[in-house]
Amino acid sequence: MVKKNERAKQEEIKLSRRPKLANPSVVAAWPGVGNVALGAARYLTEKLKAKELAEIEPLSFFDLSAVSFADGLIQPSIPPRSKFHYWKNKQAKEDLIILLGEAQPTSQSYGFANCVLDIAQRFATKRVYTFAGALSSHFSKEPRVWAVATQPELLTELEHHGVVLRGDFHISGMNGVLLSVAKERGMEGICLLGETPQQLDEIENPAASRAVLNALTDILGIEIDMSELDESVRQASQEIEEFLKQSRYEFIDHFTFPLWKRPEDEGRS
């Protein structure tokens, strides 16, 4: 007989496939600062040609806060999707599960994290990775990657992969919550955070996404084609530099022009 709690969990999870996976790790990502996390995980999913695995039913975790209209008619509300994909590593017996979340849950984050890990442990996952953006005071074309982990021995392992162990800070949202729940379950967890400028926290930063992907693939010992992401980085860097230059000009104009004489008053007597 299926217990009530187990039946509820089954209803929250829709499996589309039941592959046999070898020692899989999980990579989970949601929208956040600079779109660092989701940008990296989506690119990884595309380049590995990962296949759909499962989906979490959203209604238990997402509240309906607004509706859309078109031509005066209400449109169907589509809640954010949380889809799992899997990739079988032909070079080694270390497969991968990737969770792409369209939004972070608006309620029951703890329950959502447990739902994610229920799927992970169904495939005997022992390690979970999350990505995030790390706010920095400066812009760099080659952002560093910060890292935190659930166990001390993982920090020792990370030291060999060129990441920065920053010590004391906090990670907001599911990128941190999932690792906390993973630790409660005795699972290994690592968060890789790509540096992104504070003043550009709402602007997509593919350089930071590339940095965390480079760190992850180095840790996992896999290779993916980075050429498309490199081109995105090149274009975004030009746009970001222009934005920062314009911001500096505006700052200088604002604080150096006499308050009693505004720029639009120039030439007036």
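Calculation criteria
- Residues numbered from 1 in each chain as written.
- Predicted model: local features only at pLDDT ≥ 70, side-chain atom pairs only at ≥ 80, totals over all residues.
- Heavy atoms only, no water.
- Helix = DSSP H or I, 4+ residues; strand = E, 2+ residues; numbered from the N terminus.
- Buried < 20%, exposed > 50% of the residue type's maximum accessible area, 1.4 Å probe, protein only.
- Polar contact = N/O pair within 3.5 Å; in protein donor to acceptor, adjacent residues only side chain to side chain.
- Contact = heavy atoms within 4.5 Å.
- Core = buried A, V, L, I, M, F, W, Y, C linked by side-chain atoms within 4.5 Å.
- Expected span 1.5 Å × (residues − 1).
- Pairing = 2+ DSSP bridges.
- Phe/Tyr/Trp six-rings, centres within 6.5 Å; stacked < 30°, edge-to-face > 60°.
- Salt bridge = Lys/Arg side-chain N within 4 Å of Asp/Glu carboxyl O.
- Axes fitted to C-alpha atoms, helices over the stretch in contact; angles between N-to-C directions.
- Left-handed = near helix turned anticlockwise from the far one by under 90°.
- Nonpolar A, V, L, I, M, F, W, Y, C, P; charged D, E, K, R; others polar.

Asker: Can you walk me through the side chain of Arg127 in this structure?
Answerer: As for its position among the elements, Arg127 is in strand β8 (residues 127-136). Note on Arg127: relative accessible area 14%, which makes it buried. Reaching out from Arg127, the side chain makes a polar contact with the side chain of Glu188 at a distance of 2.8 Å. Residues within four places of Arg127 in sequence aside, it is in contact with Ser25, Val26, Leu154, Glu157, Glu188, Ile190 and Ile219.

Asker: Explain the nonpolar core here, please?
Answerer: Nonpolar side chains in soluble globular proteins tend to be buried together. Membership of the largest hydrophobic core comes to 36 residues, with the highest contact counts inside it found for Leu44, Leu96, Phe131, Leu192, Leu213 and Leu216. Among the elements of the structure, β2 (25-29), α2 (36-48), β7 (96-101), β8, β9 (145-149), α4 (152-158), β10 (188-197) and α6 (206-220) are those that each provide at least two residues to this core. When residues no more than four places from it in sequence are discounted, the contact partners of Leu96 are Pro24, Ser25, Val27, Leu44, Leu48, His85, Tyr86, Trp87 and Leu220. If you look at the next biggest cluster of nonpolar residues, it comprises 35 residues, including Leu21, Phe61, Ala134 and Cys191.

Asker: Got a minute to help me understand α2 in this structure?
Answerer: Note on helix geometry: an α-helix contains 3.6 residues per turn, so any two residues three or four positions apart are oriented the same way. Look at α2: 18 Å from first C-alpha to last across 13 residues, which is about the 18 Å you get at 1.5 Å a residue. Following α2 by one or two positions, Lys49 has its phi on the positive side, about 55°.

Asker: Sorry if this is basic, but what is going on with the pairing of β8 here?
Answerer: By the criterion of burial, β8 is predominantly enclosed, with eight of the 10 residues buried. As paired strands, β2 and β8 are joined by four bridges and run parallel to one another. Paired with Val27 across the strands is Tyr129, a residue of β8.

Asker: Explanation requested: the packing of aromatic side chains in the structure shown.
Answerer: In this description, an aromatic ring pair is defined by two values, namely the gap between the centres and the angle between the planes. According to the stated counting rule, one finds three aromatic pairs in the structure shown. Geometrically, the ring pair formed by Phe62 and Phe112 is edge-to-face, given 6.4 Å between the ring centres and 85° between the ring planes. Here Phe62, found in the loop between β3 (51-56) and β4 (69-70), pairs with Phe112, found in helix α3 (residues 109-122); they are 50 residues apart in sequence, far enough to count as distant. Phe62 sits in the buried class, given a relative accessible area of 8%. Residue classification places Phe112 among the buried positions, given a relative accessible area of 0%. Feature note: the residues Trp30, Phe61, Phe62 and Phe112 constitute an aromatic cluster, connected by ring pairs.

Asker: What is the right way to read the pattern of salt bridges from this model?
Answerer: Side-chain pairs of opposite charge can arise where the charged atoms are in close proximity. All told, the structure shown has 12 salt bridges when counted by the stated rule. Across the pair Asp230 and Arg210 runs a salt bridge, and its minimum N-O distance is 3.0 Å. Here Asp230, found in helix α7 (residues 227-256), pairs with Arg210, found in helix α6; they are 20 residues apart in sequence, far enough to count as distant. Classification of Arg210 by relative accessible area gives buried; the value is 13%. Salt bridges sharing partners connect three or more residues here, namely Arg127, Glu157 and Glu188.

Asker: Even after reading the chapter, I still don't get unusual backbone geometry, so can you show me in this structure?
Answerer: It is generally the case that most residues other than glycine have a negative phi and that most peptide bonds are trans. Positive phi, normally seen in glycine, also occurs at Asn23, with a value near 45°. Tracing the sequence through the fold places Asn23 in the loop between β1 (13-15) and β2. A positive phi angle is found at Ala124, which is not glycine, with a value near 60°. Positionally, Ala124 belongs in the loop between α3 and β8.

Asker: Any chance you could explain the packing of α3 against helix α5 (residues 174-184) here in plain terms?
Answerer: A pair of packed helices is captured by two measures, namely the crossing angle of their axes and the spacing between those axes. Viewed as axis vectors pointing N to C, α3 and α5 meet at an angle of 65°, and their least axial separation amounts to 9 Å. The two elements α3 and α5 meet at a crossing, and its hand is right-handed. The residues of α5 that touch α3, namely those facing Ser109, Tyr110, Phe112, Ala113, Asn114, Val116 and Leu117, are Met174, Val177, Leu178, Val181, Ala182 and Glu184. Across the contact of α3 with α5, the residue classes tally to 10 nonpolar, two polar and one charged.

Asker: Whenever I open this one, the environment of Ile190 confuses me. Can you help?
Answerer: Structurally, Ile190 is set in strand β10. Excluding its chain neighbours within four sequence positions, the residues that come into contact with Ile190 are Arg127, Val128, Tyr129, Thr130, Val148, Ala149, Leu154, Leu158 and Leu179.

Asker: What exactly am I supposed to notice about the sheet that holds β8 here?
Answerer: Remark on secondary structure: sheet strands pair via backbone hydrogen bonds, oriented parallel or antiparallel. Within the open sheet, the eight strands sit side by side as β1-β3-β6-β7-β2-β8-β10-β9. Their pairing is mixed. Pairing within the sheet leaves two strands with one partner each, and these edge strands are β1 and β9. Looking at each pair of strands side by side, their axes are set apart by 25° on average, direction ignored. The pairing of strand β6 (residues 82-87) with β7 spans six bridges and is classified as antiparallel. Bridge pairing in β7 links Lys83 to Leu100. Of the strands in this sheet, β2, β6, β7, β8 and β10 touch α2, which is tilted by about 135° from β7. Strands in contact with α6 are β2, β7, β8, β9 and β10; relative to β10, the strand with the most contacts, it is inclined by about 150°.

Read these as spatial facts, not as claims about activity.
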